[in-house]
Amino acid sequence: MSKDYVSIIDVKDHVGEEVTIGAWVANKSGKGKIAFLQLRDGTAFFQAVAFKPNFIEKYGEEEGTEKFNTIKHLSQETSILITGIVKEDSRSKFGYELDVTDLKIVGHSEDYPITPKEHGTDFLMDHRHLWLRSRKQMAIMQIRNAIIYATYEFFDKNGFIKFDSPILSGNAAEDSTELFETDYFGTPAYLSQSGQLYLEAGAMALGRVFDFGPVFRAEKSKTRRHLTEFWMMDAEYSFLSHEESLDLQEAYVKALIQGVLDRAPQALEILERDVDLLKKYIAEPFKRVSYDDAIDLLQEHENDEDADYEHLEHGDDFGSPHETWISNYFGVPTFVINYPASFKAFYMKPVPGNPERVLCADLLAPEGYGEIIGGSVREDDYDTLVAKMDALGMDKSEYEFYLDLRKYGSVPHAGFGIGIERMVTFVAGTKHIREAIPFPRMLHRIKP
Ligand code: 4AD
Ligand code: MG
């Protein structure tokens, strides 16, 4: 595609040339005869320098002074077409700067609310539509993009077909207490919590499938890991064993980290992410530990100085302090395998010889990022699944399509789902999940 204006990220190909860039003024400084503009255009940030004597030489006293004064008085977030000569600049991190020769204002901006001083999170969230313009937010969005790109690439390379699950559904996929309900022409419908159940139908039709789309959970959790609307990638694979599924998940997560290292190194630099740590997660095998061994380990260490968690018995669910401690203990992403059936979803297959435990795994990210993937082997036997649903008091009429999959050529199969925002938060090394999606939806936030 040919383009009238050069992007900041591409100025490296134009050293010594005069180019025009469409940009916004992120910040400004200087005094007397010199003005420095911090420019951004979404691809990168860099500095433009305007020197008054150059303008007077080029345009004469009157016009030169006027042009220079316009530049000097530009306000934050004014959009401009700026022309200048690209120069290498070894002092700046970016490596280039623009020696300004001309400027045209495109759109004015008065009293931009987000100034370079510190603002509180609530204020920034209220101005999310503008906050997205800041350097750090741009970097996080670039990482999100790299992760989505790497997801499609990974599954394509591994022979998966993209199979889109519906967003409106007649049944719950996960915990029925966390459903958003809506009226569907007189009958209740729910916003999808995960595409998994439909994806299982896809796996019986196409062998290996994945979906990627928004999912919704009416969770009243106010933590740094929970959104009410988030994007999930689910994958489902016929004739796949538990161990093979873990291998696939490990390869996938490593491909995502590598994808960010390859495609968004500048973003990791802006966020000051420890890149050596990310490389270590790729180089070293992930840890695999059973739920029961993890409980033993937690009990053994509960009086340690760094053990900031409550005592757990076998059969109890982990809270986030337990997840944090376990993954930090191993220092690499860790699969906790075969949890109690009592707090996992109805569709999980029991461990052979141990009906109290199910063939599932949560992948816990280190550094306190918690669960990023949930996956399992699915119950493929019709009678066993029906018995389980009856025991849980589920309405089987809502799941006829799902039960049919066990009636007509059922096969062993497994799959998993990743919360993209959890993965973005982890790779970006940011504290809170709300910055990992353009417009976060949380317990007390639906605007902007
Ligand atoms: O562990 P979950 O609930 O698993 C499922 O939904 C399965 N049906 C997936 C499958 O097997 N296809 O959710 C999967 C992942 C979690 O590991 C977590 O990363 C993310 O989704 N997640 C959330 N992310 C942000 N906010 C929330 N409220 C989340 N709840 C789950
Ligand atoms: Mg889970």
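Cut-offs and rules
- Residues numbered from 1 in each chain as written.
- Chains lettered and ligands numbered in written order.
- Predicted model: local features only at pLDDT ≥ 70, side-chain atom pairs only at ≥ 80, totals over all residues.
- Heavy atoms only, no water.
- UniProt positions renumbered as here; feature names shortened; annotations may be inferred.
- Helix = DSSP H or I, 4+ residues; strand = E, 2+ residues; numbered from the N terminus.
- Buried < 20%, exposed > 50% of the residue type's maximum accessible area, 1.4 Å probe, protein only.
- Contact = heavy atoms within 4.5 Å.
- Areas by Shrake-Rupley, 256 points an atom, 1.4 Å probe, with all protein chains shown as cover.
- Lys, Arg positive; Asp, Glu negative; His and termini not counted.
- Charge placed at Lys NZ, Arg CZ, Asp CG, Glu CD.
- Near = heavy atom within 4 Å.
- Polar contact = N/O pair within 3.5 Å; in protein donor to acceptor, adjacent residues only side chain to side chain.
- Pairing = 2+ DSSP bridges.
- Axes fitted to C-alpha atoms, helices over the stretch in contact; angles between N-to-C directions.
- Domains from an automatic or database assignment.
- Buried area = accessible area lost by both parts, 1.4 Å probe.
- Salt bridge = Lys/Arg side-chain N within 4 Å of Asp/Glu carboxyl O.
- Nonpolar A, V, L, I, M, F, W, Y, C, P; charged D, E, K, R; others polar.
- Phe/Tyr/Trp six-rings, centres within 6.5 Å; stacked < 30°, edge-to-face > 60°.
- Lys NZ or Arg CZ within 6 Å of the ring centre and 35° of its normal.

Where an unreviewed UniProt entry is consulted, the protein chain appears under the name Asparagine--tRNA ligase, with the organism given as Streptococcus vicugnae. You can read under Sequence similarities (unreviewed entry) in the UniProt record for the protein chain the words "Belongs to the class-II aminoacyl-tRNA synthetase family." What UniProt states about the protein chain under its Subcellular location (unreviewed entry) heading is, verbatim, "Cytoplasm".

J.: Mind showing me how you'd approach the overall build of the protein chain here?
T.: Assigned secondary structure in the protein chain consists of 14 helices and 18 strands. Burial statistics for the protein chain: of 448 residues in total, 50% are counted as buried. At a minimum sequence separation of 6, the contacts of the protein chain that also span at least 24 residues come to 66%. Looking at the protein chain as shown, the accessible area adds up to about 21,400 Å², and 50% of this sits on carbon and sulfur atoms. Mean positive and mean negative side-chain charge positions of the protein chain (49 and 75 charges, respectively) differ by 7 Å.

J.: For this particular structure, what's the right way to read the site of ligand 1?
T.: E174, Q196, E219, D234 and E371 are the nearest of the 23 residues found near ligand 1. Note that a nitrogen atom of ligand 1 is positioned 2.6 Å from one of the side-chain N or O atoms of Q196. Coverage of ligand 1 by the protein chains reaches 93% of its 620 Å² of free accessible surface. Going through the elements one at a time, β11 (229-238), β17 (370-377) and β18 (413-419) are the ones with two or more residues in the shell around ligand 1.

J.: How should I be thinking about the sheet that holds strand β12 (residues 287-290) in this particular structure?
T.: Strand-to-strand pairing in sheets goes through backbone hydrogen bonds, with the strands running parallel or antiparallel. The sheet built from 8 strands is open, its strands ordered β6-β10-β11-β18-β17-β16-β13-β12 with mixed pairing. The open sheet is flanked by β6 (161-162) and β12, the only strands paired with a single partner. Alignment of strand β13 (residues 334-337) against strand β16 (residues 360-365), held across 4 bridges, turns out to be antiparallel. From the neighbouring strand, F335 faces β16, where its bridge partner is L363. Lying on the sheet, helix α6 (residues 196-206) is in contact with β6, β10 (208-216), β11 and β18; it crosses β11 at an angle near 30 degrees. Docked against the sheet, helix α14 (residues 420-428) engages β10, β11, β16, β17 and β18, running at close to 60 degrees with respect to β18.

J.: Can you walk me through the UniProt feature "domain: Aminoacyl-transfer RNA synthetases class-II family profile" (unreviewed entry) in the protein chain in this structure?
T.: The feature "domain: Aminoacyl-transfer RNA synthetases class-II family profile" (unreviewed entry), as annotated in UniProt, sits at residues 143-438 in this numbering. Across residues 143-438, the secondary structure splits into 38% helix and 23% strand, with the terminal C-alpha atoms separated by 12 Å.

J.: Looking at this model, I keep getting lost on the domain arrangement of the protein chain. Mind explaining?
T.: Accessible area lost when the parts come together is the quantity often used to give the size of an interface. As assigned here, the protein chain comprises domain 1 (8-107) and domain 2 (128-436). One C-alpha centre belongs to domain 1, the other to domain 2, and the line joining them spans 46 Å. In terms of surface lost to domain 2, no three residues of domain 1 exceed R40, F45 and K93, which account for 60% of the buried area on that side. Our enumeration of links across domain 1 and domain 2 arrives at 1 salt bridge. Its salt-bridge partner being R133, residue E77 comes within 2.8 Å of it at the nearest N-O pair. By residue class, the composition of the side of domain 1 that touches domain 2 is 3 nonpolar, 3 polar and 3 charged.

J.: Would you mind showing me how to read the packing of aromatic side chains here?
T.: Think of a pair of aromatic rings as described by two things: how far the centres are apart, and how the planes are tilted against each other in angle. Following the criterion strictly, the structure yields 31 aromatic pairs and no others. Consider the rings of Y329 and F330, whose centres lie 5.0 Å apart with planes at 80 degrees: the pair is edge-to-face. For F330, a relative accessible area of 23% translates into the label partly exposed. Judged by centre distance (6.2 Å) and plane angle (65 degrees), the rings of F401 and Y402 are edge-to-face. Given the relative accessible area of 27%, F401 is considered partly exposed. Ring pairing ties together the aromatic residues Y152, F154, F155, F160, F210, F212, W231, Y237, Y252 and F416, which thus form one cluster. Seen from the ring of Y339, K344 lies directly overhead, with NZ or CZ sitting 4.4 Å from the centre.

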